[in-house]
Amino acid sequence: MKTKKIPSRICVGCRQAKEKRDLVRVVKNAENEISIDVTGRKNGRGAYICKNTECLRKAVKSKGLERSLKIPVPEEVITLLEKEMIAVEAR
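Residues numbered from 1 in each chain as written. Predicted model: local features only at pLDDT ≥ 70, side-chain atom pairs only at ≥ 80, totals over all residues. Heavy atoms only, no water.

Q: When you look at unusual backbone geometry in this model, what are you seeing that I'm missing?
A: Negative phi characterises most residues that are not glycine, and trans characterises most peptide bonds. Of note, the phi angle at Lys63 is positive, near 60°, even though the residue is not glycine. Structurally, Lys63 can be placed in the loop between helix H1 (53–61) and helix H2 (64–69). Positive phi is not limited to glycine here, since Lys70 has a value of about 65°. (Helix = DSSP H or I, 4+ residues; strand = E, 2+ residues; numbered from the N terminus.)

Q: Explanation requested: the nonpolar core in the structure shown.
A: A general tendency of soluble globular proteins is for nonpolar side chains to be buried together. Within the largest apolar cluster, 23 residues are counted, with the highest numbers of intra-cluster contacts made by Val26, Ile34, Ile49, Leu65, Leu69 and Leu81. For this core, the secondary-structure elements that each account for two or more residues are strand E3 (23–28), strand E4 (34–37), strand E5 (45–50), H1, H2 and helix H3 (75–90). Among the elements that line this core, the one with the most residues is H3, at 5 residues. When residues no more than four places from it in sequence are discounted, the contact partners of Leu81 are Val26, Ile34, Ser35, Ile36, Leu56 and Leu65. (Core = buried A, V, L, I, M, F, W, Y, C linked by side-chain atoms within 4.5 Å. Buried < 20%, exposed > 50% of the residue type's maximum accessible area, 1.4 Å probe, protein only. Contact = heavy atoms within 4.5 Å.)

Q: Please explain the environment of Cys14 as it appears in this structure.
A: Its place among the elements puts Cys14 in the loop between strand E1 (8–10) and strand E2 (17–19). Measuring from C-alpha to C-alpha, the distance between Cys14 and Val73 comes to 18 Å, with 59 residues separating the pair along the chain. Not counting the four nearest positions on each side in its chain, Cys14 is found in contact with Cys50, Cys55 and Lys58.

Have a look at this one:
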């Protein structure tokens, strides 16, 4: 029997490769709106972050999130992402 390949992605905060299901996708859609995609199926350009706010802060500080999404991320969007990430952590 053939073994199933488990997809892995690199967190833009801590730069560690982890399984895709252990990460949260931050997506930029065609209207340049940034949001958290818990399902991993929204259309748009995505960046993966660990399910904690510390990695989100690292990604913002190192500008890894901006590089991955290819647009500058406004401060109000970062605060919204932090609130959404706290909700994801609670699950």
